[in-house]
Amino acid sequence: MTTNARSKMVCFGFALGFAFLAASASADVVGYFKFDNFPGDNAYFTDDTGKGLRGLLGYPFTTPRSVPGPSGKAGDFALSLDGKGGLTVDDSTAKILNILKPPLTLECWVRATNFQGGHRGLISYGVPGGSSRASRGPGGYKLGIDPNGNILFTLFGVVDVFSGVPYPFDSAWHHIAATYSLEDGGVRYYLDGQEATFIAETRAIAPPGVRQLDLGVQYTGIGRWEGDIDRARVSTAALKPNELDSDASTVKPVRNDTAIFFDFDKGNAPYQGQGFQPAGVAVSTADWVIEHPPHESDGDPGKVNDTPSGASADRSLQFGGSDMAAVWDPNGALNLDGDWTLEAWVRINPNLDGDRDVIFYYGHPGRGYSLSVNYAAGNKLQVTTLGIADMPSDTAVVEVDVWQHLAVAHKKGQSITYFINGKEAGTRAYTGGTRLAETSKVLYIGAEWNGGLPFTGLIDRVRISNSALTVTELDSDPVKPAPVPAPALKLAIGRSQSNVILSWPEANSSGYILEFSDIIPPTNWSPETTTAVVASGQKTVTVPVLGSARFYRLKRP
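Residues numbered from 1 in each chain as written. Predicted model: local features only at pLDDT ≥ 70, side-chain atom pairs only at ≥ 80, totals over all residues. Heavy atoms only, no water.

**Overview of the overall build of the chain**
Argument step 1. Broken down by element type, the chain carries one helix and 42 strands.
Argument step 2. Projected onto its principal axes, the C-alpha positions of the chain cover 85 × 65 × 45 Å.
Argument step 3. Relative to its full complement of 557 residues, the chain shows a buried share of 52%.
Argument step 4. At a minimum sequence separation of 6, the contacts of the chain that also span at least 24 residues come to 65%.
Argument step 5. When the accessible area of the chain is evaluated, it comes to approximately 22900 Å², of which 51% is carbon and sulfur surface.
Argument step 6. Measuring between centres, the 47 positive side-chain charges of the chain sit 6 Å from its 58 negative side-chain charges. (Helix = DSSP H or I, 4+ residues; strand = E, 2+ residues; numbered from the N terminus. Buried < 20%, exposed > 50% of the residue type's maximum accessible area, 1.4 Å probe, protein only. Contact = heavy atoms within 4.5 Å. Areas by Shrake-Rupley, 256 points an atom, 1.4 Å probe, with all protein chains shown as cover. Lys, Arg positive; Asp, Glu negative; His and termini not counted. Charge placed at Lys NZ, Arg CZ, Asp CG, Glu CD.)

Spelled out as structure tokens, the structure:
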């Protein structure tokens, strides 16, 4: 199959009735993100070209690792989180963790060195409170750490029961637990098996808007924990000190009041829970959010109406210097090593901090590309071919606190051209090319892959093409965004006895012409004269198999 650079033609060849493909890259807009549509008002967005790419506001999720557990014994493993991961348990059907009547005990083993501040979740069920979540049914419970680094039990949507008990961030394993009992009149906190404090509280547990358990994170996307967790347990009893699983060397057995228990000894997700049946299964949150995008996420930029067009329905993303969005690209549509063009609209916050801000970054260190503004060089537009060259322009100066369209076009083996507001602002010779990303096919918007060089300001209309666009082809009109091309129709081909069957969708195919050539590369194409038959939403042409090669293409009007 081959696609002509400009007319978007799909070609198929048959030699003695058998298909072969001669692939060449198609010139196309491979990614276009206008940040106007967030299905379900959740924290994910889709590619406006319709190619199936999905992005998430906030830090991309990572997969938890397995590390030795607190006992130090062979076969004892724990969950290790880097502040960007977690586990999620779907309890929507079983509802065994939808505990609305105390008593209740939450406990786990935890090891950490760094504390990032903010509310952090260790064992979390339901939806936190807050005005942004009022319509989502805040309710449930949590064991975590409060913004001051103290152990915290929370009745979501009701009250944070502050303990005032510091968690020791000393790189050692510690057992923490909280019991909530109306009979006892409050919450008892335990650290390493010893009661640390008692806080009076008797309010009811509010019904949660979602029924899922999160480990190492809360509300699926926020409050992610940096450290290790083991032996997470939820019990429907106010356990006594001698009943807690606080002996590092010996795991307490599952009791008849153990709602769920995870020992993480399997070594990798998914982890089968123990306890009430059917016990839940903990999967990596990185896998969970693909089909269950969170409403909120750590490091998510704001959705605002300050845009280049000024239209009421238009939105952009506001980055505060610690935010990011990420687009997963499993098929490598954005992984480019030929000609390409990178574009974005930006409005830079005048309170600059640092030498350079990254607008977007594709790949990983040593492979991929990035677009940024180099303040140290004099607010110059910069493109980087990762692992090859940092190339700030000598002449393309980016202003701050005003909307500007920025673009860089790369002609393989020839040059880099810089554009500001739809006008050429400099060209330099460049023959170094681009290295294809291998281990991480992700587009990071607003920062590098690890959050470095974060952008401060507004970003809109990120567009990436696999061709070197000219001035007239750029998305540089603030009021009229570039039109989104309809996806090319796919020409299906098969054989039935002595006939070749060619078919394509009827929808959006008006003006398309089926053509053939008997040689490759073709010098002339001829229209196929056989009339297409329309049935079940498909156009089909049946032609006899020839004794020589024949190549077909579906030419876009």
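**Here we look at the packing of aromatic side chains**
Argument step 1. Under the defined criterion, the tally for this structure stands at 16 aromatic pairs.
Argument step 2. Arranged with centres 5.6 Å apart and planes meeting at 40°, the rings of phenylalanine 153 and tyrosine 180 form a pair that is tilted. Note that phenylalanine 153 is positioned in strand β12 (residues 150-155) and tyrosine 180 in strand β14 (residues 174-181), a separation of 27 residues in sequence.
Argument step 3. Classification of phenylalanine 153 as buried rests on a relative accessible area of 0%.
Argument step 4. On the basis of relative accessibility, which here comes to 0%, the residue tyrosine 180 falls in the buried class.
Argument step 5. When the centroid spacing of 6.1 Å and the interplanar angle of 10° are considered together, the rings of phenylalanine 262 and phenylalanine 264 count as stacked.
Argument step 6. For phenylalanine 264, a relative accessible area of 1% translates into the label buried. (Phe/Tyr/Trp six-rings, centres within 6.5 Å; stacked < 30°, edge-to-face > 60°.)

**Some points on the sheet that holds strand β41 (residues 538-544)**
Argument step 1. Here we have four strands laid out as an open sheet, ordered β36-β37-β41-β40, and antiparallel in their pairing. The strands lining the two open edges of the sheet, one partner per strand, are β36 (492-496) and β40 (533-535). The sheet shows a mean angle of 30° between the axes of neighbouring strands, direction not considered.
Argument step 2. Examined bridge by bridge, β40 and β41 share three bridges and lie antiparallel to one another. (Pairing = 2+ DSSP bridges. Axes fitted to C-alpha atoms, helices over the stretch in contact; angles between N-to-C directions.)

**Digging into the pairing of strand β26 (residues 340-348)**
Argument step 1. The buried fraction of β26 is high, at eight of nine residues.
Argument step 2. Relative to strand β31 (residues 404-411), β26 is paired through seven bridges, and the arrangement is antiparallel. Within β31, the position partnered with alanine 344 by the bridge is leucine 406.
Argument step 3. Judged from the seven bridges that link them, β26 and strand β35 (residues 456-465) form a sheet pairing that is antiparallel. If you follow threonine 341 over to β35, its bridge partner there is serine 465.

**Concerning the sheet that holds strand β8 (residues 87-90)**
Argument step 1. Reading across from one edge, β13-β12-β11-β10-β17-β8-β22-β20 is the order of the eight strands in this open sheet, with antiparallel pairing throughout. The open sheet has two free edges, formed respectively by β13 (159-166) and β20 (271-272), since each of these has just one partner strand.
Argument step 2. Where β8 lies against strand β17 (residues 212-215), four bridges are found, and the strand directions are antiparallel. Looking at β17, one finds that threonine 88 is bridged to aspartate 214.

**Some points on the nonpolar core**
Argument step 1. Membership of the largest hydrophobic core comes to 51 residues, with the highest contact counts inside it found for Ile359, Phe360 and Ile445.
Argument step 2. At five residues, β26 tops the list of elements feeding residues into this core.
Argument step 3. Discounting chain neighbours no more than four positions away, the residues touching isoleucine 445 are Phe35, Phe45, Phe319, Met324, Ala325, Val327, Ile359, Phe360 and Ile459.
Argument step 4. If you look at the next biggest cluster of nonpolar residues, it comprises 43 residues, including Leu79, Cys108, Val159 and Ala178. (Core = buried A, V, L, I, M, F, W, Y, C linked by side-chain atoms within 4.5 Å.)

**Quick word on the pattern of salt bridges**
Argument step 1. Evaluation of the coordinates by the stated rule reveals 20 salt bridges.
Argument step 2. Aspartate 41 is the partner of lysine 303 in a salt bridge, and the nearest nitrogen-oxygen pair spans 3.5 Å. Here lysine 303 is found in strand β23 (residues 302-304), whereas its partner aspartate 41 is found in the loop between β3 (29-33) and β4 (44-46), with 262 residues between them in sequence.
Argument step 3. When the shortest N-O distance is used, the salt bridge between arginine 231 and aspartate 245 registers 2.8 Å. Within this pair, whereas arginine 231 is found in strand β18 (residues 226-235), its partner aspartate 245 is found in the loop between β18 and β19 (258-262), the two being separated by 14 residues in sequence.
Argument step 4. Residue classification places arginine 231 among the buried positions, given a relative accessible area of 2%. (Salt bridge = Lys/Arg side-chain N within 4 Å of Asp/Glu carboxyl O.)

**Concerning the confidence of the model for the chain**
Argument step 1. Summarising the model, the chain shows a mean pLDDT of 90, and 93% of its residues fall at 70 or more.
Argument step 2. This model gives residues 1-26 a pLDDT under 50, and the stretch forms 69 contacts once residues within four places in sequence are excluded. (pLDDT = per-residue confidence, 0-100.)

**What to know about the environment of valine 479**
Argument step 1. Along the chain, the position of valine 479 falls in the loop between β35 and β36.
Argument step 2. Residue classification places valine 479 among the exposed positions, given a relative accessible area of 57%.
Argument step 3. Remark: the alpha-carbon pair of valine 479 and alanine 311, spanning 168 residues in sequence, is separated by 8.0 Å.

**Considerations on the pairing of β14**
Argument step 1. With respect to burial, β14 is a largely interior element, eight of its eight residues being buried.
Argument step 2. Burial of the side chains of β14 extends over both faces: His174, Ile176, Ala178 and Tyr180 are buried on one face and His175, Ala177, Thr179 and Ser181 on the other.
Argument step 3. Where β14 lies against strand β15 (residues 186-191), six bridges are found, and the strand directions are antiparallel. Within β15, the residue paired with threonine 179 across the bridge is arginine 188.
Argument step 4. The turn linking β14 back onto β15 is made up of four residues, and glycine 185 within it adopts a positive phi angle of 90°.

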